[in-house]
Amino acid sequence: IGMLSALEVQRVITEEARAAGEKAKDVTPTDEQVRIIESPLRPLLVVAGAGSGKTETMAMRVLWIVGNHEDVPPASVLGLTFTKKAAGELGARLSSRVRLLGKRLGGFDPNEEPVALTYNAFAQRIVAEHGLRIGCDPDFRMLGQAGAVQLMTDILSKWPRALDPDLSISSGVRAALHLAGQLSEHGLSVDAGRRALAEFDAELAEAGESNPDARSARRANARRIALLDPIAAFEARKRDEGVLDFPDQLALATRIVTESPEAVAQIRAEHRCVLLDEFQDTSVIQMRLLSALFHDHPVTAVGDPNQAIYGWRGASASSLENFLPLFQSGEAASEQTLGLSTAWRNDRRILVAANAVAKPLREAARAAASPVLVESPAASEGEVRIAFAKNRAEEIRAVVDRVAELREKDPAHRRSIAILTRKRKHFLPLDRALRERGLPTQIVGFGGLLDQPAVADLRAALEIAHDVAASPALARLLVRADIGAA
């Protein structure tokens, strides 16, 4: 009684934004959004379809909680997501809205800001503040990617026996660091990983030597087992030198919250309301950390099983299905799983196609299936084109023709056009064809930059200057300079 509704919170924010000279659209939350925003303070799972306004909904939920619960000040709200960019955007949106709400309501300091961090940054903060509780020096030094490569290279180059005749030092370093990271993400020690890989090898052996796939898998598995001893040495060297890498942060933070009730009580008191973004991509170790820390706490997890992308490091779409059993004692109510199905950035026909493609994923899911997307009131009919090309060159031509057509329809070039490919190796042929047509391009992603010829040449020059045995780098420079290998 007397509480602000979601609609009233939205109206206050809109009015205050306009009073401050900011642009603000009249947006009425959908019934789905209202149910999520006004949900009681308890574990809540939100299954949000693509483009369904989840960030806006979560921001409004924070405002509704802060505006109606005196024991949840803005600074006690914690939002966790995967990238620094996403954490920055979430923090900025929450902070600006809280200030607007505080001007109208009073009762809390509008200069207090919610905390938005990446999952790894949150783990690092736990280790820094509570590491002494498990005997970990809080003044640890972070080992970056370059430092990890250097340390593992030193270990493998001095290893007393050959690990694999087909494995070079540089390939071995990459493989060892990758495996070390996977062990950590799955919450496994080196010994536990050894047992799991041995069991896997025994299962593969049952397929028999006549099975070529099984033979190939056993060779790859034997290489992983061979790398476990260098990984153990890597872990020992890090301890001796007092350094941590990113996987260590999660492992140590998990130890702290499972071994120190005092740390758990302090962190829970500091963060009275928690938002977990992109929850479908949480790894095994992240799930263990968060569930131990925020069990039976006001936690809202948001995700979409259809958008899970980090399976290689232990993430799974089943993270959503396991959320309520892991974060709540007793039976969860049906109202603790809610969905967002209105897609705000797509037209009708695009959603029809998307729902058809995603149908097998929904049928495979159980408790947390992604909702069937429906168009917003502002959506138009839209258009979907499908092209079946005879070869790669014809496919590239079809894409370039379509981009050129869209650019001609938009003379001011206000529209940005994204081209998604299955593999990184397809970037450059598309980029080249677009540029030949006079269309400006930008390859997004670090890997795309490294594939640019000029950058690849520079990198090859640096590699050969550092290591005269870097044959692939030397071969590239010889070819670029039109010098024969002989």
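In what follows, the structure referred to is the one given above.
Here the structure is a predicted model, which is why all the values come from computation and not from measurement.

To continue, consider the overall build of the protein. When its secondary structure is counted, the protein shows 19 helices and ten strands. Considering only C-alpha atoms, the protein reaches an extent of 80 × 65 × 45 Å along its principal axes. In the protein, which comprises 486 residues, the proportion classed as buried is 40%. Summarising the internal contacts of the protein: among those between residues at least 6 apart in sequence, 75% fall at separations of at least 24.

Further remarks concern the pairing of strand S6 (residues 273-276). Residues Cys273 and Leu275 line one face of S6 and the alternating positions Val274 and Leu276 line the opposite face, and both faces are buried. Relative to S6, strand S2 (residues 77-81) runs parallel, the two being bridged by four bridges. Its bridge partner lying in S6, Gly79 is registered against Leu275. By the bridge criterion, three bridges tie S6 to strand S7 (residues 299-303) in an arrangement that is parallel. From the neighbouring strand, Val274 faces S7, where its bridge partner is Val299. What joins S6 to S7 is helix H12 (residues 284-293), and the crossover it makes is right-handed.

Turning to unusual backbone geometry, a few remarks are in order. Backbone geometry at Asp296 places phi at a positive 55°, although glycine is not the residue there. Within the secondary structure, Asp296 sits in the loop between H12 and S7. We note that Asp482 has phi near 60°; this positive angle belongs to a residue other than glycine.

Note that Ala475 resides in helix H19 (residues 471-480). In the structure, Ala475 is positioned 326 residues away from Val149 in sequence and 24 Å away in space, judged by C-alpha atoms.

We now examine the nonpolar core. Core analysis: the largest hydrophobic core is formed by 40 residues, its most contacted members being Phe122, Leu276, Phe279, Phe294 and Phe327. Those residues in contact with Leu276 that lie beyond four places of it in its chain are Leu80, Tyr119, Leu290, Val299, Thr300, Ala301, Val302 and Phe327.

A word on the packing of helix H6 (residues 145-157) against helix H9 (residues 212-241). In the contact formed by H6 and H9, the axes pass within 10 Å of each other and the chain directions differ by 120°. With respect to their mutual orientation, H6 and H9 come out oblique. Where H6 crosses over H9, the two elements pack in a sense that is right-handed. When H6 is examined against H9, the residues Ala148, Leu151, Met152, Asp154, Ile155 and Leu156 are found in contact with a partner set consisting of Pro230, Ile231, Ala233, Phe234, Arg237, Lys238 and Glu241. Here the contact of H6 with H9 is composed, by residue class, of nine nonpolar, no polar and four charged.

Here we take up the pattern of salt bridges. Side chains bearing opposite charge may pair, as long as their charged atoms lie close to each other. Applying the stated rule across the entire model yields 33 salt bridges. Glu56 is the salt-bridge partner of Arg93, the closest N and O atoms lying 3.1 Å from each other. In this pair, Arg93 sits in helix H4 (residues 84-105) while Glu56 sits in helix H3 (residues 54-68), placing the two residues 37 residues apart along the sequence. The class of Arg93 is partly exposed, set by a relative accessible area of 31%.

As a further point, take H6. Taking 1.5 Å as the rise per residue, H6 with 13 residues should run 18 Å; its terminal C-alpha atoms sit 18 Å apart, in good agreement. Looking only at H6, the buried set comprises Ala148, Leu151, Met152, Ile155 and Leu156. Each buried residue of H6 sits inside an arc of 130° when the element is viewed along its axis, so together they form one side. Exposed residues pointing more than 90 degrees away from the buried face of H6 are listed as Ala146 and Gln150. The secondary structure elements touched by the buried residues of H6 are helix H7 (169-185) and H9.

Attention shifts here to the packing of aromatic side chains. Enumeration according to the criterion identifies five aromatic pairs in this entry. Relative to Tyr119, the ring of Phe82 lies with its centre 4.7 Å away and its plane at 50°, an arrangement referred to as tilted. Pair noted here: Phe82 is in the loop between S2 and H4 and Tyr119 is in helix H5 (residues 119-130), with a separation of 37 residues, a long-range link. Residue Phe82 is classed as buried on the basis of its relative accessible area, which comes to 19%. Here a set of aromatic residues connected by ring pairs shows up, and it is made of Phe279, Phe323 and Phe327.

Residues Ile350, Val384, Ile386 and Phe388 make up a contiguous nonpolar surface patch of about 450 Å² in total accessible area. Relative to the assigned elements, Phe388 resides in the loop between strand S10 (374-375) and helix H15 (392-409). With a relative accessible area of 78%, Phe388 lands in the exposed category.

Before going further, it helps to examine the sheet that holds S2. Neighbouring strands of a sheet are bound in pairs by backbone hydrogen bonds; such pairs are parallel or else antiparallel. Sheet architecture is open: six strands sit in the order S3-S2-S6-S7-S1-S8, paired in parallel fashion. In this open sheet, the two edge strands, each paired with only one partner strand, are strand S3 (115-118) and strand S8 (337-340). If you compare each strand with its neighbour and ignore which way they point, the axes differ by 20° on average. Both strand S1 (residues 44-48) and S7 contribute to a ladder of four bridges, which runs parallel. Bridge pairing links Leu45 to Ala301 in S7. Lying on the sheet, helix H13 (residues 318-327) is in contact with S1, S6, S7 and S8; it crosses S7 at an angle near 170°.

Here we take up the environment of Pro371. Here Pro371 shows up in the loop between helix H14 (348-364) and S10. For Pro371, a relative accessible area of 18% corresponds to the buried category. A sequence separation of 41 residues divides Pro371 from Ala412, and the C-alpha atoms of the two residues are 36 Å apart. If sequence neighbours within four positions are ignored, Pro371 has contacts with Val47, Gly49, Leu340, Ser341 and Arg362.

Another point: H15. The terminal C-alpha atoms of H15 lie 26 Å apart, and with 18 residues this matches the ideal 26 Å at 1.5 Å per residue to within 8%. Here H15 has its buried residues at Ile396, Val400, Val403, Ala404 and Leu406. Buried residues in H15, looked at end-on, bunch into an arc of 160°, giving them a common side. Turned more than 90 degrees away from the buried face of H15 sit Glu408 and Lys409, all of them exposed. The inward-facing, buried residues of H15 abut helix H16 (427-436). With a side-chain oxygen positioned 3.3 Å from the backbone nitrogen of Ala393, the residue opening H15 is Asn391.

What counts and how
Numbers given to residues run from 1 along each chain, matching the order in which its sequence is written. This being a predicted model, a pLDDT of at least 70 is required before a residue's local features are given, and a value of 80 or more before pairs of side-chain atoms are given or counted; all residues contribute to the totals for chains, interfaces and linings. Neither water nor hydrogens contribute to the side-chain values; these are computed over all heavy atoms in the structure. Helical segments are the DSSP runs of H or I of at least four residues, strand segments are the runs of E of at least two, and each set is numbered from the N terminus. For every residue, the accessible area (1.4 Å probe, protein chains only) is compared with the maximum for its type, and the residue is labelled buried under 20%, exposed over 50%, or partly exposed between those bounds. By definition, residues are in contact when any of their heavy atoms lie within 4.5 Å. By the convention used here, strands pair only if DSSP detects at least 2 bridges between them. By convention, orient the strands away from the viewer: a clockwise path from the first strand over the helix to the second makes the crossover right-handed. By nonpolar core is meant a set of buried Ala, Val, Leu, Ile, Met, Phe, Trp, Tyr and Cys residues that side-chain atoms within 4.5 Å join together. Lines fitted to C-alpha atoms define the axes here, with helix axes fitted over just the stretch in contact, and angles between the N-to-C directions of these axes take values from 0 to 180 degrees. Here the angle decides the label: under 35 degrees means roughly parallel, over 145 means roughly antiparallel, 65 to 115 means roughly perpendicular, and every other value means oblique. Crossing chirality is assigned from the near helix's rotation relative to the far helix, an anticlockwise turn below a right angle marking it left-handed and a clockwise turn marking it right-handed. Residues are grouped as follows: nonpolar covers Ala, Val, Leu, Ile, Met, Phe, Trp, Tyr, Cys and Pro; charged covers Asp, Glu, Lys and Arg; every other residue, Gly included, is treated as polar. We define a salt bridge as a side-chain nitrogen of Lys or Arg found within 4 Å of a carboxyl oxygen belonging to Asp or Glu. Given a helix with a known number of residues, its expected span is that number minus one, times 1.5 Å. Within this analysis, the arc is defined by the directions that extend from the helix axis to the C-beta atoms. Two rings from Phe, Tyr or Trp (for Trp, the six-membered ring) form a pair when their centres sit within 6.5 Å of each other. Planes less than 30 degrees apart are called stacked, planes more than 60 degrees apart edge-to-face, and all others tilted. Residues enter patches when their relative accessible area tops 30% and they take part in no salt bridge; the joining distance is 9 Å for like charges and 5 Å for the nonpolar side chains Val, Leu, Ile, Met, Phe, Trp and Tyr. To be clear on the numbers: accessible area is Shrake-Rupley with a 1.4 Å probe, and residue cover counts the displayed protein chains and nothing else. Contacts described as polar in this section are N or O atom pairs within 3.5 Å, which, within protein, must combine one atom able to donate a hydrogen with one able to accept it, while residues neighboring in sequence count only if both atoms come from side chains.

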